[in-house]
Amino acid sequence: MEWLYSGPNVLTNYLMISGLLFACGIFAMVSRRNAVGILMGVELILNAAGINFVAFARFGHDKIEGNHLDGQIFTLFIIILAAAEAAVALALVLAVFQTHKTIALNEVDEMQM
Amino acid sequence: MAISSFVFWLTALMTVSSSLVVVGARNILHAAFALCTAFLGVGALYVFLHADFVAAVQLIVYVGGILVLIMFAIMFSSNVAEDTSAERRGWFSMWTGVAVALVVFIGILLLVRRLEVPLHEQNKYAAVDYANTVGVAPSTVSGDELALVKKHPDIVGAVSTLSDESAKAEMIKRSANPEDGLKLYDAWHQSKGHYGIGHKLVGEYILPFEVVSVLLLAALLGAVVIVRKELN
């Protein structure tokens, strides 16, 4: 029960939380039909990856010099890439809506109207 | 149970349950609001991991930027008052999703269980937190080292633009004797936090940093080109 009482100081707790977020994201990507809902799943997956990077950076090996900041910088890059991805993907969603009048992906099955 | 542990598990519960709402809600707007809570919870986890700067960026970019974009897309592209039957998922895709997510999660669970990091020796910083939390006698890190750094503002200020190696040499040169210089270097290196991120971002990681700025420009232009109306 040590992992329960020293909650924020145990690496595996963070890994379990990020694993749950990742599974939620996978579920949304597989089962949702709304394009924006799938995008939300992708965002959850990116967040899970970010938690993992920062957690391993904090609890990783102390001997490697400056190691505890590299993971944080990777997470910063993940956040930036997520922003770029969201901008382009939501533009695509709006473009699809203009041509097809829906964003349900099982109804959008032709390249051109 | 220590108060920090209690808050941690509360944050974890908030994050996981709201991400379940994100993937389960019928109304896509409800999912977007739950996504806001999930992002806030992840930001709180970054604070627990002593990554304050990443937590701030998470709030600014995710909650302030991406979430607003998602809200815009929802309001522009669908009738939020009712969910149309085409957007509702069928039984088949629902159970396929559950199966895939379960398989992935069990895989992660097995991997994490194989990871054997001793609780007490994970990290010097974590060891101090751990000692403070459960009441074991604290070791010599953190408070002492911060005091040491604050005692030598002139030396720390002088080396603030140098790389780690030259800072070490400079500190040894400026201190009364080499042992003091090394001690100060260790303490300084562990206390720098945000300074270290900025230093690395425009030093070691300057190429990815510049590439990412070009990529952001390309994404911006791409988004504009995609949504613009054709004039013929």
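Residues numbered from 1 in each chain as written. Chains lettered and ligands numbered in written order. Predicted model: local features only at pLDDT ≥ 70, side-chain atom pairs only at ≥ 80, totals over all residues.

## A few points about the overall build of chain B
For the record, the criterion: Numbering of helices and strands runs from the N terminus, with a helix taken as a DSSP run of H or I at least four residues long and a strand as a DSSP run of E at least two residues long. Three exposure classes are used, all based on how many other C-beta atoms lie within 10 Å of a residue's own C-beta (placed from the backbone): buried at 20 or more, exposed at 12 or fewer, and partly exposed between those limits.
Each helix and strand in chain B was counted, giving eleven helices and zero strands. Traced from its N-terminal end to its C-terminal end, chain B shows the element sequence α-α-α-α-α-α-α-α-α-α-α. Residue burial in chain B is summarised as follows: out of 232 residues, 27% are buried.

## Describing the interface of chain B and chain A
Defined as follows: Think of it this way: build a C-beta for each residue from its backbone, and any pair within 7 Å is a contact. Following the grouping adopted for this structure description, the nonpolar residues are Ala, Val, Leu, Ile, Met, Phe, Trp, Tyr, Cys and Pro, the charged ones are Asp, Glu, Lys and Arg, and the polar ones are all others, Gly among them.
Of the residues lining the interface, 82 residues belong to chain B; the matching set on chain A comes to 69 residues. Only α1 (3–24), α2 (28–48), α3 (52–77), α4 (91–114), α5 (124–134), α10 (194–201) and α11 (206–227) of chain B provide two or more residues apiece to the side of chain B that touches chain A. Sort the elements by how many residues they give to the side of chain B that touches chain A and α3(B) lands first, with 14 residues. Classifying every residue of the side of chain B that touches chain A gives 58 nonpolar, 18 polar and six charged.

## Observations concerning the nonpolar core
Note the following rule: Here, a nonpolar core means buried Ala, Val, Leu, Ile, Met, Phe, Trp, Tyr and Cys residues linked by C-beta atoms lying within 7 Å of one another.
Counting residues in each nonpolar core, the largest one holds 73 residues, and the members touching the most others are V36(A), V22(B) and I70(B). Breaking this core down by element, the ones donating at least two residues are α2 (11–31), α3 (35–59) and α4 (67–100) of chain A together with α1, α2, α3 and α11 of chain B. If we skip the residues at most four places from it in the chain, I70(B) touches V36(A), L39(A), M40(A), L90(A) and A32(B). One finds I155(B), A167(B), L184(B) and Y185(B) within the second-largest nonpolar core, a separate group that totals five residues.

## What about the confidence of the model for chain A?
Formally: Confidence scores labelled pLDDT are given residue by residue by the predictor and lie between 0 and 100.
For chain A, mean pLDDT is 83; residues scoring 70 or higher make up 85% of the total. Under a pLDDT of 50 for its full length, residues 63–67 of chain A has, in the predicted model, six contacts with residues more than four places off or in other chains.

## Structural notes on the environment of G107(B)
Along the chain, G107(B) turns up in helix α4. On the basis of neighbour counts, which here come to 12 C-beta atoms within 10 Å, the residue G107(B) falls in the exposed class.

## What to know about the packing of α2(B) against α3(B)
All names here are of chain B. The test is simple: Interaxial angles span 0 to 180 degrees and are taken between N-to-C directions of axes, which are lines fitted to C-alpha atoms, for helices over the stretch in contact. These descriptions rest on fixed angle ranges, namely under 35 degrees for roughly parallel, over 145 for roughly antiparallel, 65 to 115 for roughly perpendicular, and the rest for oblique.
Two elements in contact, α2 and α3, have axes whose closest approach is 8 Å; the angle formed by their N-to-C orientations is 175 degrees. Between α2 and α3, the crossing angle belongs to the class labelled roughly antiparallel. Residue-level contacts link I28, L29, A32, L35, C36, F39, L40, V42, G43, Y46 and V47 of α2 to D52, V54, A55, Q58, L59, Y62, V63, L67, I70, M71 and I74 of α3.

## Considering the environment of H199(B)
Residues and elements named next belong to chain B. The topology assignment puts H199 in helix α10. For H199, a count of 20 C-beta atoms within 10 Å puts it in the buried group. On a C-alpha basis, the gap between H199 and S213 in space is 17 Å, while along the polypeptide they are 14 residues apart.

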